[in-house]
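Here's the letter readout for the chains.
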Amino acid sequence: MFWSKFKRLWARIFRRVDESPVATSINHKVDDGPTDVVSGQPVKGTTEVRVAGSHSDSLQPTAQKVMQRFRILLLGKSGAGKSSLIENIMKIPEIDVARYRAGDADINMELKSDENPHFVLHDSMGYESGSREHFQVVKDFIEKRSKEPEISEQIHAIWLCTKVQSTGGRIFETGDETLLQMNLGRVPLIIVFTQYDELVDHEELQLLQKPSLNQNANDNAEKQFDLTCIRPLKEICKRNRRDTPPHLKVSVRPNYENTLQKLAQLTKETLGSGDNQVDACQPTTSIKSHGPVWITWAMAQRVDADLNLEASIA
């Protein structure tokens, strides 16, 4: 459904381009770097669109340079559903981010998929055991990537995934809390509470066992989610005098597709559609961002056709 809708919208766009008296030339990026089909010169790390007007000999750019891949750092303990989340957001058959034991994953490894060339993933399960040394690896990686001169080599978003608790238990590990205290600079952090459907199922079971209660499972799940997930998050940030970072609940099960679309939109909003980007979980500030980053994200995600279309005509 997503792709059929997108293809129809995309076809309408190109019909308008073909009917226009303006000729277009597009540079396609490859891993070794794209080549400008007009000048023949390589363009490092970008895809550039140049338009030649029919009444002018000069070529004028009509689009900003756009990166080829959106770089995500995926954090969270094993069992949080990280692999399923990426597979469903990016619409790829399989990407195994849980194939290593805690501490064995190489955070520098770039995980890519031929099915979707618009993203690159870094995964680390190194700090879930509480090891200070392992968390330091994550911290050093974030700081190193933040200093990369090329924006294509920087981290564009961090998703911290933690499973929604239906029977109580600690929602955040020690490493998670340490991450929430870090100054991440301009890298947006989003807290992704996964497997929300299990909490709804749990509440439905509770009501089946107590049929006399005139309650709604979805309402009860929302209340429990606020109690066990949102409140602890806010308390951690309040203790450390940080703003609460963007957060939401998701599920990859049928009938929860809207939660994935909300994650796609929230990620785009944290990047900013223009020049403004806001730090996550730290004193509020406004800094300059590379506008086209959100466009690359819109092309990478495959759950929101409207967002993809918005990027295609930006």
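Residues numbered from 1 in each chain as written. Predicted model: local features only at pLDDT ≥ 70, side-chain atom pairs only at ≥ 80, totals over all residues. Heavy atoms only, no water.

Novice: Explain the overall build of the protein here, please?
Specialist: Helix and strand content of the protein: 9 helices and 11 strands. Within the protein, buried positions represent 46% of all 314 residues. Restricting to contacts in the protein with at least 6 residues of sequence separation, those with at least 24 account for 63%. For the protein, the accessible area works out to roughly 16400 Å², and carbon and sulfur atoms hold 48% of it. (Helix = DSSP H or I, 4+ residues; strand = E, 2+ residues; numbered from the N terminus. Buried < 20%, exposed > 50% of the residue type's maximum accessible area, 1.4 Å probe, protein only. Contact = heavy atoms within 4.5 Å. Areas by Shrake-Rupley, 256 points an atom, 1.4 Å probe, with all protein chains shown as cover.)

Novice: Would you explain the pairing of strand β6 (residues 116-124) in this entry?
Specialist: In the case of a regular strand, side chains alternate between the two sheet surfaces. Burial of β6 is extensive: 8 of the 9 residues sit out of reach of the surface. Alignment of strand β4 (residues 70-75) against β6, held across 6 bridges, turns out to be parallel. Looking at the pairing, Leu 73 lines up with His 122 of β6. In the sheet, strand β5 (residues 111-113) pairs with β6 via 2 bridges, with the strands oriented antiparallel. Looking at the pairing, Leu 111 lines up with Leu 121 of β6. Where β5 hands over to β6, the hairpin turn is made up of 2 residues, counted between the paired strands. (Pairing = 2+ DSSP bridges.)

Novice: Mind showing me how you'd approach the pattern of salt bridges here?
Specialist: It is possible for side chains bearing opposite charge to pair when their charged atoms get close. Taken as a whole and assessed by the stated rule, the structure comprises 15 salt bridges. For the salt bridge of Lys 112 with Glu 110, the shortest nitrogen-to-oxygen distance reads 3.4 Å. Here Glu 110 falls in the partly exposed class, since its relative accessible area comes to 33%. In this structure, Glu 153 engages Arg 145 in a salt bridge whose closest nitrogen and oxygen atoms are separated by 3.1 Å. Residue classification places Arg 145 among the buried residues on the basis of a relative accessible area of 11%. Look at the salt bridges and you will find they share partners, linking Arg 71, Glu 110, Lys 112, Arg 145 and Glu 153 into a network. (Salt bridge = Lys/Arg side-chain N within 4 Å of Asp/Glu carboxyl O.)

Novice: Help me understand the packing of aromatic side chains, please; the structure alone is not making it clear to me.
Specialist: The geometry of an aromatic ring pair is captured by two quantities: the separation of the ring centres and the angle between the planes. Under the criterion given, the structure shown has 5 aromatic pairs. Among the aromatic side chains, those forming a connected cluster through ring pairs are Phe 172, Phe 193, Tyr 196 and Phe 225. The ring of Tyr 196 is capped by Lys 249, whose NZ or CZ atom sits 5.2 Å from the centre of that ring. The side chain of Lys 268 reaches across the aromatic face of Trp 294, ending 4.8 Å from its centre. (Phe/Tyr/Trp six-rings, centres within 6.5 Å; stacked < 30°, edge-to-face > 60°. Lys NZ or Arg CZ within 6 Å of the ring centre and 35° of its normal.)

Novice: Sorry, what's going on with helix α5 (residues 196-209) here?
Specialist: Because each turn of an α-helix spans 3.6 residues, side chains separated by three or four positions end up pointing in the same direction. Here α5 contains 14 residues, and its C-alpha end-to-end distance of 21 Å stays within 8% of the 20 Å for a straight helix at 1.5 Å per residue. Listed in full, the buried residues belonging to α5 are Tyr 196, Asp 197, Leu 199, Val 200, Glu 203 and Leu 207. Angularly, the buried residues of α5 cover 160 degrees about the axis, an arc narrow enough to put them on a single face. Turned more than 90 degrees away from the buried face of α5 sit Leu 208 and Gln 209, all of them exposed. (Expected span 1.5 Å × (residues − 1). Arc of directions from axis to C-beta.)

Novice: Just checking my understanding: could you explain the confidence of the model for the protein for this structure?
Specialist: As a general rule, the predicted coordinates of low-pLDDT regions are not to be interpreted in detail. Residue-level pLDDT values for the protein average 74, and 67% of them are 70 or greater. Every residue in residues 9-63 scores below 50 in pLDDT, and together they form 73 contacts with partners more than four places removed in sequence or on other chains. (pLDDT = per-residue confidence, 0-100.)

Novice: It is not clear to me how helix α7 (residues 257-271) should be interpreted in this structure. Could you clarify?
Specialist: For α7, with 15 residues, the first-to-last C-alpha span of 22 Å sits near the 21 Å given by 1.5 Å per residue. For α7, every residue scored as buried is listed here: Thr 259, Leu 260, Leu 263, Ala 264, Leu 266, Thr 267, Lys 268, Thr 270 and Leu 271.

Novice: Explain the packing of α5 against helix α6 (residues 217-239) here, please?
Specialist: Angle between the axes and distance between the axes are the two parameters that describe a pair of packed helices. Two elements in contact, α5 and α6, have axes whose closest approach is 8 Å; the angle formed by their N-to-C orientations is 125 degrees. With respect to each other, α5 and α6 are oriented oblique. Between α5 and α6 lies a crossing of right-handed hand. Packed against α5, whose contacting residues are Tyr 196, Leu 199, Val 200, Glu 203, Glu 204 and Leu 207, the element α6 presents Ala 217, Asn 218, Asn 220, Ala 221, Glu 222, Gln 224 and Phe 225 at the interface. (Axes fitted to C-alpha atoms, helices over the stretch in contact; angles between N-to-C directions. Parallel < 35°, antiparallel > 145°, perpendicular 65-115°, else oblique. Left-handed = near helix turned anticlockwise from the far one by under 90°.)

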